[in-house]
Amino acid sequence: MDSLRIFGEVNQLDVGISPQLTNILEIIFFIIVYVFFNDNINKKQNNRFLNLIWRAASTGLVASAFFVASYLFREVLMADTKLAEDEQLKNLSYHISFALTSIFLISTSLLWKNLILYQRTKNVVQQWQAFEIILLMSMFFVLFIEGGETRFGLVAGILFIVIYSIILSVNLKWIPYLTIREKWKSLLFLFIIIFSAVGLFFQLADLQPTQDINLVSNLFLMGLFAFVIIYSLSSFLVTLFNLPTSSVFEQKLVEAISFQKLSQSIKPGEDEERVLDILMDSCMSAAYVDAAWMELHLPDDEIKVAHQRFISDEERGNLRKTLLNTDPFGDFLNTNSPSNIEYIYGKLNYEAFASIVIFQLKVHKKRIGNIFLIKEVKEGFNKEMIDIISTFVGQACISVENYRLLNEALRNERYKEELEIAKKVQQSLLPSHLHHNDCFEIHGFSAAADEVGGDYYETYAYNNHQFAMIIGDVSGKGTSAAFNMSQMKGVFHSLVQINLSPKEFLVKANKALSNCLEKKSFITTTYYILDTKAKTIQFARAGHCPTLYFNQKKGGAEFLKITGMGLGMVRNDQYEEFLEEGYIRYEPGDILLMYTDGIIEAKNEIGEEFGYERLKSTLDGCSRNSAENIKEEIIDTVYSFVGKDTLPDDDYSLMVVKFKG
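Here the structure is a predicted model, which is why all the values come from computation and not from measurement.

Caption draft 1: Spotlight on unusual backbone geometry. One non-glycine residue with positive phi stands out, namely phenylalanine 310, at about 55°. Along the polypeptide, phenylalanine 310 turns up in the loop between strand S2 (302-309) and helix H10 (313-324). Residue phenylalanine 310 is classed as exposed on the basis of its relative accessible area, which comes to 65%. Backbone geometry places asparagine 499, a non-glycine residue, at a positive phi of 60°. Its place among the elements puts asparagine 499 in the loop between helix H14 (478-495) and helix H15 (502-514).

Caption draft 2: Examining H15 more closely. The first and last C-alpha atoms of H15 sit 18 Å apart over 13 residues, in line with the 18 Å expected at 1.5 Å per residue. The set of residues buried in H15 consists of Pro502, Phe505, Leu506, Ala509, Asn510, Leu513 and Ser514. Burial along H15 is one-sided: seen end-on, the buried residues are contained in an arc of 150°.

Caption draft 3: Region of interest: the environment of leucine 495. If you trace the backbone, leucine 495 turns up in helix H14. In the structure, leucine 495 is positioned eleven residues away from leucine 506 in sequence and 9.4 Å away in space, judged by C-alpha atoms. Residues within four places of leucine 495 in sequence aside, it is in contact with Leu500, Phe505, Lys508 and Ala509.

Caption draft 4: Just the pattern of salt bridges, in detail. Enumeration according to the criterion identifies eight salt bridges in this entry. Arginine 320 serves as the salt-bridge partner of glutamate 295, at 2.6 Å between the closest nitrogen and oxygen. One end of the pair, glutamate 295, is in strand S1 (residues 291-298); the other, arginine 320, is in helix H10, with 25 residues separating them in the sequence. In this structure, glutamate 295 and arginine 320 share a single accessibility class: buried.

Caption draft 5: Geometry of the nonpolar core. Among the nonpolar cores identified, the biggest contains 56 residues, and Trp112, Trp174 and Ile193 are the most heavily contacted of them. Taken together, the elements giving at least two residues each to this core come down to helix H2 (19-43), helix H3 (49-77), helix H4 (87-116), helix H5 (122-139), helix H6 (151-168), helix H7 (180-207) and helix H8 (219-264). By residue number, the principal contributor to this core is H4, which donates ten residues. Setting aside anything within four residues of it in sequence, one finds tryptophan 112 in contact with Ile53, Ala56, Leu190, Ile193, Phe227, Val228, Tyr231 and Ser232. With 54 residues, the next largest nonpolar core counts Met469, Met485, Ala540 and Met655 among its residues.

Caption draft 6: Inspection of the sheet that holds strand S5 (residues 366-375) at higher detail. Overall, antiparallel pairing links the five strands, which are arranged S2-S1-S5-S4-S3 in an open sheet. This sheet does not close on itself; its edge strands, each paired only once, are S2 and strand S3 (343-347). Averaged over all neighbouring strand pairs, the angle between strand axes comes to 15°, with direction disregarded. Strand direction decides the pairing type here: strand S4 (residues 355-363) and S5, joined by nine bridges, are antiparallel. Each bridged residue has a counterpart across the sheet, and for glutamine 360 the counterpart in S5 is asparagine 370. In the packing of helix H9 (residues 272-287) onto the sheet, contacts are made with S1, S2, S4 and S5, and the angle to S2 comes to roughly 55°. Each of S1, S2, S4 and S5 is contacted by H10, which is oriented at about 125° to S2, the strand it contacts most.

Caption draft 7: Spotlight on the sheet that holds strand S6 (residues 440-447). As summarised here, the arrangement of the five strands in space is S6-S15-S14-S11-S12, forming an open sheet in which the pairing is antiparallel. Bordering the open sheet on either side are S6 and strand S12 (556-560), each of which pairs with just one other strand. Averaged over all neighbouring strand pairs, the angle between strand axes comes to 15°, with direction disregarded. Bridge count for S6 against strand S15 (residues 652-659) is eight bridges, and the pairing is antiparallel. When the sheet's bridge partners are listed, alanine 447 is paired in S15 with tyrosine 652.

Caption draft 8: Structural detail: the side chain of lysine 375. With respect to the element layout, lysine 375 can be found in strand S5. Of the side chains with opposite charge, aspartate 290 lies nearest to the buried lysine 375, which makes no salt bridge, at 6.9 Å. With residues up to four places along the chain from it excluded, the contact list for lysine 375 reads Ala287, Tyr288, Val289, Asp290, Phe353, Ala354, Ser355, Gly380, Phe381 and Met385.

Caption draft 9: Representation of the environment of glycine 598 in the model. Within the secondary structure layout, glycine 598 lies in helix H16 (residues 597-600). Relative accessible area serves as the criterion here: at 2%, glycine 598 is assigned to the buried category. Remark: the alpha-carbon pair of glycine 598 and alanine 448, spanning 150 residues in sequence, is separated by 9.7 Å. Those residues within four positions of glycine 598 in sequence are excluded, and the remaining contacts are Asp650, Asp651 and Tyr652.

Caption draft 10: Local environment of the pairing of S4. Taking burial as the measure, the nine residues of S4 include eight buried ones, the bulk of the element. Summarising the sheet, S3 and S4 pair through five bridges and their orientation is antiparallel. Across the sheet, the residue bridging to lysine 347 is serine 355, located in S4. Hairpin connection, S4 to S5: the antiparallel pair is bridged by two residues, and histidine 364 has positive phi, about 55°.

Caption draft 11: Region of interest: the packing of aromatic side chains. Scanning all chains against the criterion turns up 31 aromatic pairs. Three or more aromatic residues joined by ring pairs form one cluster here, namely Trp112, Trp128, Phe131, Phe160, Tyr164, Phe227 and Tyr231. Above the face of the phenylalanine 332 ring, arginine 367 is positioned so that its terminal group lies 5.4 Å from the ring centre. Cation over ring: lysine 375 sits above phenylalanine 381, and NZ or CZ is 5.2 Å from the ring centre.

The rules behind the values
- Residues numbered from 1 in each chain as written.
- Predicted model: local features only at pLDDT ≥ 70, side-chain atom pairs only at ≥ 80, totals over all residues.
- Heavy atoms only, no water.
- Helix = DSSP H or I, 4+ residues; strand = E, 2+ residues; numbered from the N terminus.
- Buried < 20%, exposed > 50% of the residue type's maximum accessible area, 1.4 Å probe, protein only.
- Expected span 1.5 Å × (residues − 1).
- Arc of directions from axis to C-beta.
- Contact = heavy atoms within 4.5 Å.
- Salt bridge = Lys/Arg side-chain N within 4 Å of Asp/Glu carboxyl O.
- Core = buried A, V, L, I, M, F, W, Y, C linked by side-chain atoms within 4.5 Å.
- Pairing = 2+ DSSP bridges.
- Axes fitted to C-alpha atoms, helices over the stretch in contact; angles between N-to-C directions.
- Lys, Arg positive; Asp, Glu negative; His and termini not counted.
- Phe/Tyr/Trp six-rings, centres within 6.5 Å; stacked < 30°, edge-to-face > 60°.
- Lys NZ or Arg CZ within 6 Å of the ring centre and 35° of its normal.

Shown next, in the form of structure tokens:
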């Protein structure tokens, strides 16, 4: 209609088309584009920060590319022809550019909405809703413009939107979650968006075919230009200023995750010597020290050197004498001094080493020893590094404390009664029936150790051919493990109703359990979805023992090794990054063996573990049997290995699935 109207103006003809009609159609176009992109963005699964910014940048590049192409066509290829001055061609080029620019601005504003509302609060949501209402009202402003009568209102409207855009632009909480590589990419994408927005504005203003069609008079588009440019510029500057600290942030994040992984290897009830050995190696790795040693306090004020790294006995003895004669280290090392100070660090006046930090080891609120970490450089320990090590030292001390408490509790009648209660709770949580159909057999087994554990397995039938299966192991023992197991059971029964994929299930389970598990607790598990119609198994593993799968065609079993971190180890949105999802297509005669670490860590009288290879060879040897017989064969083999009269160190649990023809 604009083309007809402009044709009439050029030829001094009245075509009977009012500018108001084209303005109404323009408003309808804006609304359709807004609704389409709002729905499209909300449906997208992969709305990560960098993807959102790239979508905005790519849309700007497309719009800018058309401008460049149309300019080259008119000003270069058709420069010496009448077609270059043709008003109809110019009008067509303008309207296509206008549409592309509108799509770019509206879609980018909606993408910015996702970033602004990343961490939703009531105020931020209300601010954005008010901004959307303002933009909606600004669409209709073009219907009331008559010459310069509303020029003041237009300027006031643009100024108001600019101020409101500045207020919204402080919502940049997503930027710290970008890695340093993502920040560099986002800077490039944001620069493209800013460059495209500014270029498109001036190009549209230059292409206006008539005085009627005035970009500056379109309050809606002017407001979008202002918002897109202001938020992009704010994001660009904040990201740029965040770059110097990004590498440090990532380093600390890696250290924290590393300690969480290490903490998985420290299990309550683990041998005290083993726990302290892990502690020594972990502290040295985290602090990049040049030498270290650990001493334990024995009765009668004797001191035992439990572990020693990269330092001789003579040099260690000389260094300790120096410390005893140096304040404040001497007072800290005095076994009779108050032990309310957890650590001490500072410069060291010694020829080979220049800085030291000493942590005290406390069990039952009593100091049992110290760990010494030393470096050759001055001021080699910073506060952040010490805080991380202090957390792990505390965790290791808790493990030692649990070990000692557990041994004492075995001789305590009251604790035996608590264990009996916990055992009953645990047994009641295990299923009495495992769901299956005619396509496969399934049998489970669980035997608790004298110390109550937290092994858990269960199944769920979605229909007559789809089944969910889970097996898990709660960290720790005693009543806390039993109650954590009950929490896991509740999470399973809640989430399994939603019919999630294994990876989605673990992500949501981690979020739910992170709110109720203690900081030192975690749960390892593997979750499976079995479809007997498609003959497929989809699974994901959260720090649990790798599944053992027997392939009938290959004639042997192998472990399905996919990575995954235990539930409760990473208690934020980044947990999903530490999970993988596996997929198997099974055949008749194949066997799926799920088990807990009590099976493979079962020890005989000489301290040798049952291990993965014995489990694998046992399954290979009885693969022709039924699922029930396979279960019994494995359990009998484990008990024969450890000795019939030997108490198990941990719970023994497993599920066997055998597929039929």
